[in-house]
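One-letter residues, chain by chain:
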Amino acid sequence: MQFGLFYEHQSPAPFTAEGDHRIFQNALSELELADSLGYDYAWLVEHHFLEEYSHSSAPEVFLGALSQRTKRMRLGHGICVMPPAINHPARVAERIASLDLLSGGRIDWGTGESGTALELEGFGVEVDRKKDMWREATEQCANMLTMTPYPGYQGEFFSMPTRNIVPKPLQKPHPPLWVACSRRDTILHAARNGMGALVFGFAAPEQAGKWVQEYYDIIKSDECVPIGHAVNANFAIVTAMSVHEDEQEAVRRGLQGFKFFGYSLGYYSSFGEMQPGHSKVWENFIQAEDKIEDNHGNGGIGTPEQVHDHCKAYADVGVDQIIFVQQTGPANHDHITQSLELFAKTAMPRLKAGEEERLAKKQAELAPYIEAALARKQKMKPLTREEIEPVVSFGQRGKNEGAYANFRSDRGG
């Protein structure tokens, strides 16, 4: 089993720039420590306008900084929001490739649609078309990362002429592709598209095991047609993390924050009413806290042995990666680092035992199915040299020197 860490940059009100600065710096320090302790992934979300719940609106900037503070762990968008009105596909391709170069080929490219009124309406995205937008943008972004030049595209949601997107990523054909999942149907959707499943819904091991089985059954079937140029067959699920030798202390340190994580997610996606600039998510949570039921994700809160058993139950049903959530609510930096160290010292070595053999066996078993899936993909036709139309500079387009002078004057040149 592999282990990731998930960051929202949560900042309960009353939040300040100074407080967010501390949260960002603490996160960098925590992940640098985690890299040295053997954790495998760092996952950074992309959310916009979600006060208190997530101040991670530019994860590519944070990941760029993190790439220089870590040496081995993989760095993931969890996720990059793909509708073109929020992120133009060419800009996504440029950022992904640049991050891959900065990190020495350690980027994972998680994708998603976004799902809140504040975000989608804030960027003028048609909510009922967002899945179509995600598909068009993700597929074309993968083409941009792999084709020289990108032939251009006339689509429903964005269009652009022939251009060569530079730089290109170190990982070939492109970094591993994932998609955010919260329900069974999106997990199956991930498999049909040959993508890793980033499961942000909480499920008991028995339920997760059923999803894993269905996911890999599709990966091995004719239904799997990759949206990108590679198949990333991986299943990851999110759970809480707070580890302490004293169970009650682990609960005291971790349960309230994890409850806030679930509450604030539901607040913005399902039942909340928001007045921008005057958020009261934490205040409302405190009033409702006693009525909030625990869920399956809090099994990562407890003693080292309890958390080991919680993770092993997921490993036993085929989950590839556990993604721990620690930076929740008013999380304490020292508690987070102590928990990271204790888990890495006690439970992680046993859970990682035999991981290289497991991965080798898995890759060998899936290889023929992945080869068949890639053969089913209809690839974009590359242009011949003769088909690539030259782009004439503005200076050469003027009929006379006066036209060029006007062009320079318009742009302050």
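Residues numbered from 1 in each chain as written. Predicted model: local features only at pLDDT ≥ 70, side-chain atom pairs only at ≥ 80, totals over all residues. Heavy atoms only, no water.

Asks: Explain the overall build of the protein to me, and be specific about the residues and the numbers.
Replies: On a plain count of helices and strands, the protein comes out with 15 helices and 12 strands. Relative to the compact-globule value of 22 Å for 413 residues, the protein shows a C-alpha radius of gyration of 23 Å, a close match. With respect to the principal axes defined by its C-alpha atoms, the protein has extents near 80 × 55 × 40 Å. Looking at the protein as a whole, 52% of its 413 residues qualify as buried. Sequence-distant contacts, at least 24 apart, represent 76% of the contacts inside the protein between residues at least 6 apart. Separation between the mean location of the 41 positive side-chain charges and that of the 55 negative ones in the protein comes to 6 Å. (Helix = DSSP H or I, 4+ residues; strand = E, 2+ residues; numbered from the N terminus. Rg over C-alpha atoms; globule rule 2.2 N^0.38 Å. Buried < 20%, exposed > 50% of the residue type's maximum accessible area, 1.4 Å probe, protein only. Contact = heavy atoms within 4.5 Å. Lys, Arg positive; Asp, Glu negative; His and termini not counted. Charge placed at Lys NZ, Arg CZ, Asp CG, Glu CD.)

Asks: So what's going on with the sheet that holds strand E8 (residues 196-199)? Residues and values would help.
Replies: Spatially, the eight strands close up into a barrel ordered E1-E2-E3-E4-E7-E8-E9-E12, and their pairing is parallel. Strand-to-strand twist of the sheet, defined as the mean angle between neighbouring strand axes without regard to direction, takes the value 25 degrees. Here four bridges tie strand E1 (residues 2-7) to strand E2 (residues 41-44), and the two strands are oriented parallel to one another. Considered in E2, the bridge of Gly4 is made with Tyr41. Lying over the sheet, helix H6 (residues 184-192) contacts strand E7 (177-181), E8 and strand E9 (235-240), oriented at roughly 165 degrees with respect to E7. On top of the sheet, helix H10 (residues 304-316) reaches E1, E9 and strand E12 (321-325); it is set at about 145 degrees to E12, its chief contact. (Pairing = 2+ DSSP bridges. Axes fitted to C-alpha atoms, helices over the stretch in contact; angles between N-to-C directions.)

Asks: Can you break down the environment of Ile237 residue by residue, with the values?
Replies: Tracing the sequence through the fold places Ile237 in strand E9. Look at Ile237 and you get buried, because its relative accessible area is 1%. Remark: the alpha-carbon pair of Ile237 and Ala208, spanning 29 residues in sequence, is separated by 8.3 Å. Those residues in contact with Ile237 that sit more than four places away from it in its chain are Val199, Gly201, Ala203, Ala208, Tyr314, Val319, Gln321, Ile322 and Ile323.

Asks: Report on the pattern of salt bridges, specifying residues and quantitative values.
Replies: Side chains that differ in charge, positive against negative, can pair when their charged atoms come close. One pass over the structure, following the stated rule, counts 23 salt bridges. A salt bridge links Lys352 to Asp40, with the shortest nitrogen-to-oxygen separation between them at 2.8 Å. On the criterion of sequence distance, the pair formed by Lys352 in helix H12 (residues 348-352) and Asp40 in the loop between helix H1 (17-37) and E2 is long-range, its members being 312 residues apart. Assessed through its relative accessible area of 8%, Asp40 is described here as buried. With a shortest N-O distance of 2.8 Å, Glu223 and Arg192 are connected by a salt bridge. With Glu223 in the loop between helix H7 (205-219) and E9 and Arg192 in helix H6, this pair connects stretches of sequence that are 31 residues apart. A relative accessible area of 43% places Glu223 in the partly exposed class. (Salt bridge = Lys/Arg side-chain N within 4 Å of Asp/Glu carboxyl O.)

Asks: Give a detailed account of the nonpolar core, specifying residues and quantitative values.
Replies: Across soluble globular proteins, nonpolar side chains show a tendency to be buried alongside one another. Ranked by internal contacts, the top residues of the largest apolar core, which has 79 residues, are Phe3, Tyr39, Trp109, Tyr215 and Phe343. Looking at which element gives the most residues to this core, the answer is H7, with seven residues. With residues up to four places along the chain from it excluded, the contact list for Phe343 reads Phe3, Tyr39, Met241, Val243, Val307, Cys311, Phe324, Met348, Pro349 and Leu351. Formed by 31 residues, the second largest nonpolar core is a distinct cluster that contains Phe6, Val45, Ala236 and Phe260. (Core = buried A, V, L, I, M, F, W, Y, C linked by side-chain atoms within 4.5 Å.)

Asks: How would you summarise the packing of aromatic side chains if you had to cite specific residues and measurements?
Replies: Under the defined criterion, the tally for this structure stands at 27 aromatic pairs. Arranged with centres 5.4 Å apart and planes meeting at 0 degrees, the rings of Tyr41 and Trp43 form a pair that is stacked. This pair shows no difference in class: Tyr41 is buried, exactly as Trp43 is. (Phe/Tyr/Trp six-rings, centres within 6.5 Å; stacked < 30°, edge-to-face > 60°.)

Asks: A description of the packing of H1 against helix H11 (residues 333-346) should follow, citing residues and the corresponding values.
Replies: Where H1 meets H11, the axes come as close as 10 Å, and the angle between the chain directions of the two elements is 10 degrees. Compared by their axis directions, H1 and H11 come out roughly parallel. Where H1 approaches H11, its residues Asn26, Ser29, Glu30, Leu33, Ala34 and Leu37 are matched on the opposing element by His333, Ile336, Thr337, Leu340, Glu341 and Ala344. (Parallel < 35°, antiparallel > 145°, perpendicular 65-115°, else oblique.)

Asks: Before we move on, could you go through H6 and cite the residues and values that matter?
Replies: Those residues of H6 lying buried are Thr186, Ile187, Leu188, His189, Ala190 and Ala191. Where H6 terminates, the next one or two residues include Gly194, which has phi positive at roughly 65 degrees.

Asks: How would you summarise the environment of Glu94 if you had to cite specific residues and measurements?
Replies: Mapping Glu94 onto the fold places it in helix H3 (residues 89-103). Residue class for Glu94 comes out partly exposed when judged on its relative accessible area of 26%. Between the C-alpha atom of Glu94 and that of Val166, which follows or precedes it by 72 residues, the distance is 6.4 Å. If we ignore the near neighbours within four places in the chain, the residues touching Glu94 are Ile165 and Val166.

Asks: Explain the side chain of Lys130 to me, using residue names and the numbers behind them.
Replies: Residue position: Lys130 is located in helix H5 (residues 130-146). According to the relative accessible area criterion, Lys130 is buried, its value standing at 17%. Contacts of Lys130, omitting those with residues within four sequence positions, involve Glu113, Ser114, Gly115, Leu120 and Val125.

Asks: Tell me about the layout of surface pockets, and please be specific about residues and values.
Replies: If you roll a probe as big as a water molecule over the atoms, it shows you where there is empty space left. Considering only enclosed or pocket space, the largest pocket measures out at about 1000 Å³ in volume. Taken together, 43 residues make up the lining of the largest pocket; nearest its centre are Gly115, Ala180, Ser182, Phe200 and Leu265. Mapped onto the lining of the largest pocket, the elements with two or more residues apiece are strand E3 (74-81), H5, E7, H6 and helix H8 (247-271). With 10 residues, the single largest contributor to the lining of the largest pocket is H8. Residue composition of the lining of the largest pocket, grouped by class: 19 nonpolar, 15 polar and nine charged. Approximately 510 Å³ is the volume attributed to the second largest pocket. Forming the walls of the second largest pocket are 22 residues, and the residues nearest its centre are Val231, Asn232, Ala233, Asn234 and Gln363. Per-element accounting of the lining of the second largest pocket gives the leading share, seven residues, to helix H13 (residues 355-376). Residues of the lining of the second largest pocket, tallied by class, amount to 13 nonpolar, five polar and four charged. (1 Å grid on protein atoms, 1.4 Å probe; cavity = no way out; pocket = protein on both sides within 12 Å on 5 of 7 lines; lining within 4 Å. Points joined across faces, edges and corners; volume = space filled by probe spheres on them. Nonpolar A, V, L, I, M, F, W, Y, C, P; charged D, E, K, R; others polar.)

Geometry only, nothing functional implied.
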